Amino acid sequence: MYKLNGRILIMTSVQAEKEAVLRGWHDPRVDVVLAGVGPVAAAINTMKALNANTYDLVINAGIAGGFANRAEIGSLVIANEIVCADLGAESPDGFLSLDELGFGSSTRVGVDESIVLAISSALSEAGLIAQTAPILTLSKVTGTAESTEELMEREPKAAAEAMEGYGVALAAQEYNLPVLEIRAISNTVGPRDREGWRIKDALISLESASKVLMEVL
Ligand SMILES: O=C(O)c1cccc(C(=O)CC[C@H]2O[C@@H](n3cnc4c(=O)[nH]cnc43)[C@H](O)[C@@H]2O)c1
């Protein structure tokens, strides 16, 4: 069984996500801090939080879009890799990541496999629908069939996309801290349909997951 010894920083993008986490996770070892929306705000605000206090683990938690037939609405995805999916260059032959362009900055951040395994097993044992898979970070919500298809082809293992994970992960890396990204699926990635977002359902899943995380970590 995995048990963390120390303090945990949880970054959520908005207040509703913060409240969902705090409804599930009552723990003096935990601070839940707002990251803002997007990877840049998330990196800046995570750095500020890490500057102000000492932590042993950083978690980015929130809602996300799930790719069709990979992650259903209301289910949970725990990142086994945090991938920056739009940092690079378009070309007639497809997207070129920063790594492929030779800038030497990795756009993929790894996670501690033992923590991820412990969490996903505990979530499944608690009866929640959970999987581990890469989670993509993008600066904008994918909103057309073409860009969805391109992304799914380019990242065949990715189950979800959100907008903060990579920013939070880079800040955690600066402090040599392990990082996790946990997302509850609110919508299916595809042509923009804001009415179809099931935010309430996703926030309930996030609350349930937080209860389990409190027991595991
Ligand atoms: O309107 C509300 O009540 C509300 C409650 C909680 C969260 C929100 C947000 O709009 C959060 C934005 C946040 O969600 C992530 N997200 C969700 N779906 C996607 C997606 O399909 N593609 C990319 N990001 C997505 C993202 O991390 C945003 O920061 C509203």
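Residues numbered from 1 in each chain as written. Predicted model: local features only at pLDDT ≥ 70, side-chain atom pairs only at ≥ 80, totals over all residues. Heavy atoms only, no water.

1. A few points about the overall build of the chain
Okay, step 1: The helix and strand inventory of the chain stands at seven helices and ten strands.
Okay, step 2: Taken over the C-alpha trace, the chain has a radius of gyration of 16 Å; the compact-globule value for 217 residues is 17 Å, and the two agree within 12%.
Okay, step 3: Dimensions of the chain, computed from C-alpha atoms along their principal axes, come out at roughly 50 × 35 × 30 Å.
Okay, step 4: Sorting the 217 residues of the chain into buried and exposed places 49% on the buried side.
Okay, step 5: Counted over contacts in the chain with a minimum sequence separation of 6, partners at least 24 positions apart contribute 76%.
Okay, step 6: As displayed, the chain offers around 10200 Å² of accessible surface, 52% of which is attributable to carbon and sulfur atoms.
Okay, step 7: One finds the centroid of the 17 positive side-chain charges in the chain at a distance of 7 Å from the centroid of its 29 negative side-chain charges. (Helix = DSSP H or I, 4+ residues; strand = E, 2+ residues; numbered from the N terminus. Rg over C-alpha atoms; globule rule 2.2 N^0.38 Å. Buried < 20%, exposed > 50% of the residue type's maximum accessible area, 1.4 Å probe, protein only. Contact = heavy atoms within 4.5 Å. Areas by Shrake-Rupley, 256 points an atom, 1.4 Å probe, with all protein chains shown as cover. Lys, Arg positive; Asp, Glu negative; His and termini not counted. Charge placed at Lys NZ, Arg CZ, Asp CG, Glu CD.)

2. Topic: the packing of aromatic side chains
Okay, step 1: Summed over the entire model, instances satisfying the criterion amount to zero aromatic pairs.
Okay, step 2: Note that arginine 154 overlies the ring of phenylalanine 95, its terminal NZ or CZ placed 3.8 Å from the centroid.
Okay, step 3: The lysine or arginine in question, arginine 194, covers the ring of tryptophan 197, its NZ or CZ lying 4.5 Å from the ring centre. (Phe/Tyr/Trp six-rings, centres within 6.5 Å; stacked < 30°, edge-to-face > 60°. Lys NZ or Arg CZ within 6 Å of the ring centre and 35° of its normal.)

3. So, the packing of helix H1 (residues 15–24) against helix H7 (residues 199–216)
Okay, step 1: Put simply, H1 and H7 touch, their axes get as near as 7 Å, and they point 40° apart. Compared by their axis directions, H1 and H7 come out oblique. Note on packing geometry: the crossing formed by H1 with H7 is right-handed. Touching Ala16, Glu17, Ala20, Val21, Arg23 and Gly24 of H1 are Leu203, Leu206, Glu207, Ser210, Lys211 and Met214, all from H7.
Okay, step 2: For the contact of H1 with H7, the per-class residue count stands at six nonpolar, two polar and four charged. (Axes fitted to C-alpha atoms, helices over the stretch in contact; angles between N-to-C directions. Parallel < 35°, antiparallel > 145°, perpendicular 65-115°, else oblique. Left-handed = near helix turned anticlockwise from the far one by under 90°. Nonpolar A, V, L, I, M, F, W, Y, C, P; charged D, E, K, R; others polar.)

4. Some details on the site of the ligand
Okay, step 1: The full set close to the ligand counts 18 residues, and Glu161, Met163, Glu164, Asn187 and Trp197 are the nearest of them.
Okay, step 2: In this structure, methionine 163 approaches the ligand through a main-chain N or O atom, which is 3.1 Å from an oxygen atom.
Okay, step 3: Measuring from an oxygen atom of the ligand, one finds a side-chain N or O atom of arginine 183 at 3.3 Å.
Okay, step 4: Starting from 610 Å² of accessible surface for the ligand in isolation, the protein chains cover 82%.
Okay, step 5: Every element with two or more residues in the shell around the ligand is listed here: strand E3 (57–66), strand E9 (160–162) and strand E10 (179–188). (Near = heavy atom within 4 Å. Polar contact = N/O pair within 3.5 Å; in protein donor to acceptor, adjacent residues only side chain to side chain.)

5. Observations regarding the side chain of glutamate 17
Okay, step 1: In this structure, glutamate 17 sits in helix H1.
Okay, step 2: For glutamate 17, which is buried and forms no salt bridge, the nearest opposite charge comes from arginine 183, at a distance of 4.4 Å.
Okay, step 3: Only 3.0 Å separates the side chain of glutamate 17 from the backbone nitrogen of valine 14, close enough to count as a polar contact.
Okay, step 4: Of the polar contacts made by the side chain of glutamate 17, one reaches the backbone nitrogen of isoleucine 63; its length is 2.9 Å.
Okay, step 5: Discounting residues that sit within four places of it in the chain, glutamate 17 has contacts with Thr12, Gly62, Ile63, Arg183, Leu203 and Leu206. (Salt bridge = Lys/Arg side-chain N within 4 Å of Asp/Glu carboxyl O.)

6. Some details on a nonpolar patch on the surface
Okay, step 1: Together, Leu96, Leu101 and Phe103 make up an exposed nonpolar region whose accessible area comes to about 270 Å².
Okay, step 2: The topology assignment puts phenylalanine 103 in the loop between helix H3 (98–101) and strand E7 (108–110).
Okay, step 3: For phenylalanine 103, a relative accessible area of 59% gives the class exposed. (Patch = residues over 30% accessible without salt bridge, like charges linked within 9 Å, V, L, I, M, F, W, Y side chains within 5 Å.)

7. Side note on the UniProt feature "domain: Nucleoside phosphorylase" (unreviewed entry) in the chain
Okay, step 1: Residues annotated in UniProt with the feature "domain: Nucleoside phosphorylase" (unreviewed entry) correspond here to residues 26–213.
Okay, step 2: Secondary structure content for residues 26–213 is 35% helix and 28% strand, while the C-alpha to C-alpha distance between its ends is 11 Å. (UniProt positions renumbered as here; feature names shortened; annotations may be inferred.)

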